[in-house]
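An overview of the molecular structure
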Amino acid sequence: MAQDTAQQASAAPAAPARALLPLILPALVVGVGASLLLLGVSAAAEELQHVLWRNLPDALGVGRYSVLWMLVMLTATGVAVGLVVWKVPGHAGPDPATTGLDAPVLPPAVLPGLVLATALMLAGGPSLGPENPIIAVNVGLAFWLGRRLAPRMPRGLWPALAEAATIGALFGTPVAAALVISEALAGRQLRGALRDNVFGPLAAAAAAAMTTTLVAQPTFDLGLPAFGRPDWGDLLAVLVVASAAALLGMTAVLAFPYVHGAFARLRHPMVMLPVGGLVLGLLGAVGGHLTLFKGLDEIGELAADPPGWSAGEYATMTVVKLAALLVAASCGFRGGRIFPAVFVGAAFGLCAHALVDAVHPALGVGAGVLGILLAVTRQAWVSLFVAAVLVASPAILALLCIASLPAWLLVTGHPQMQVHEDGTPVR
């Protein structure tokens, strides 16, 4: 095997520095721009969220997260996004159920509507994150501007830079982008060394991550109780929790094409999205306000007081959030699935801790997030990375690596949480 590896390495010589140096400036520009666009959309959505969920209900004398207000706001969000999809040029891009992190290059005329639909969704409360549409917007902008300002650069460079930059900006580190790129390149016939192929995207991800860190100072560490030296009981716990979480996630994955098909039969976005919003409002009424929105801030509330909820309450939030993710991703809201899936995994892990006190909360959260993300995203390295950074414990990382093996066996080969344009599941 060592000889085969050596032969492969000799067959793929490293590129000279003069071939890589021209990539640095475009990578830095795309990285900074992608981060600023993400931060701008997120900030605008957060301001609108404050108006819709604090100022407006206070002025009307209605409870901020009362059942009535959740029903009104989620349905109204469906109406607003439906209007954008119906009337704005480009219809806010393709059906989001058919797209993943590898975004297509959209025409420039589509991008404003997609940005607007994403901001409205983030502010209004549906259980989706910004990752998929923001990647698509950054890819479209980078390709359009890059082809005009630097036409001699390869056409495929701009989407690769923009996608890596957005992922780096989302997580505040280029490591996540490097893991996604490595998985995307697996099995491909590469020209040159692997490091040469990821040089430009990694530079863009680093620039984006630094920009996000300097401007917004994000953190994913939940501040859970410190985890000590692992023992055999911890190994058993992480194996069981991660596998159970993966199976739970697969229930939503397998139901996805059927739920998407049910909404597709409504045909018109001004029917699909308001109905989806109404269903999300009903789910929010059952699960409470923590099951709304993309989920990152809400995870912080859960982690701040693990004993503050019962096992039944954690189980309710887990199931409701997973159902909300399934509905929001099926009915046409523009958004990604990673961040709400993280909430589902964290709630599941804390439920395991509430049921069995011997399951450390950090261990439960890490294993729960790992299992759910493996089922929902099929991004093995990113799932492991996100689970690890949430608990910030080197001792848990080895356990999570072991737990990822049986969890992966449970999800691999099955459909993904994505469909083709004809509605059939992607495998």
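Look up: the structure comes first, before these words.
A quick note: this is a predicted structure, and the numbers were derived from the prediction, not measured.

Moving on: the overall build of the chain. The helix and strand inventory of the chain stands at 17 helices and 0 strands. In summary, the chain has a C-alpha radius of gyration of 21 Å against a globular reference of 22 Å for 427 residues, a match within 12%. Dimensions of the chain along its principal axes, counting C-alpha atoms only, are 65 × 60 × 40 Å. Within the chain, the proportion of its 427 residues that are buried is 52%. Long-range pairs, those at least 24 residues apart, make up 77% of the contacts in the chain between residues at least 6 apart in sequence. Carbon and sulfur atoms make up 66% of the accessible area of the chain, which amounts to about 18500 Å² in all. Treating the 20 positive side-chain charges of the chain as one cloud and the 21 negative ones as another, the clouds have centres 14 Å apart.

This brings us to the packing of aromatic side chains. With the rule as written, the count across this model stands at 5 aromatic pairs. Between Trp-53 and Phe-293, the ring centres sit 5.4 Å apart and the planes meet at 75°, which makes this aromatic pair edge-to-face. Separated by 240 residues along the polypeptide, Trp-53 in helix H3 (residues 24-60) and Phe-293 in the loop between helix H11 (269-287) and helix H12 (296-304) bring together distant segments of the chain. Of the two residues, Trp-53 and Phe-293, neither departs from the other in class, the shared state being buried. Plain terms: the ring middles of Trp-309 and Tyr-314 are 6.1 Å apart, the flat faces sit at 55° to each other, and that makes the pair tilted.

A word on the environment of Leu-56. If you trace the backbone, Leu-56 turns up in helix H3. Classification of Leu-56 as partly exposed rests on a relative accessible area of 34%. In contact with Leu-56, not counting residues within four places along its chain, are Val-51 and Trp-69.

This brings us to the nonpolar core. With 135 residues, the main nonpolar core has Trp-53, Phe-171, Phe-333, Val-369 and Val-386 as its most contacted residues. If we ignore the near neighbours within four places in the chain, the residues touching Trp-53 are Arg-64, Tyr-65, Trp-69, Met-70, Met-73, Leu-74, Ala-123, Gly-124, Gly-125, Leu-292 and Phe-293.

As for its placement among the helices and strands, Thr-77 is situated in helix H4 (residues 67-87). Note on Thr-77: relative accessible area 5%, which makes it buried.

About the criteria used
- Residues numbered from 1 in each chain as written.
- Predicted model: local features only at pLDDT ≥ 70, side-chain atom pairs only at ≥ 80, totals over all residues.
- Heavy atoms only, no water.
- Helix = DSSP H or I, 4+ residues; strand = E, 2+ residues; numbered from the N terminus.
- Rg over C-alpha atoms; globule rule 2.2 N^0.38 Å.
- Buried < 20%, exposed > 50% of the residue type's maximum accessible area, 1.4 Å probe, protein only.
- Contact = heavy atoms within 4.5 Å.
- Areas by Shrake-Rupley, 256 points an atom, 1.4 Å probe, with all protein chains shown as cover.
- Lys, Arg positive; Asp, Glu negative; His and termini not counted.
- Charge placed at Lys NZ, Arg CZ, Asp CG, Glu CD.
- Phe/Tyr/Trp six-rings, centres within 6.5 Å; stacked < 30°, edge-to-face > 60°.
- Core = buried A, V, L, I, M, F, W, Y, C linked by side-chain atoms within 4.5 Å.

Remember, this is a structural readout, not a statement about activity or role.
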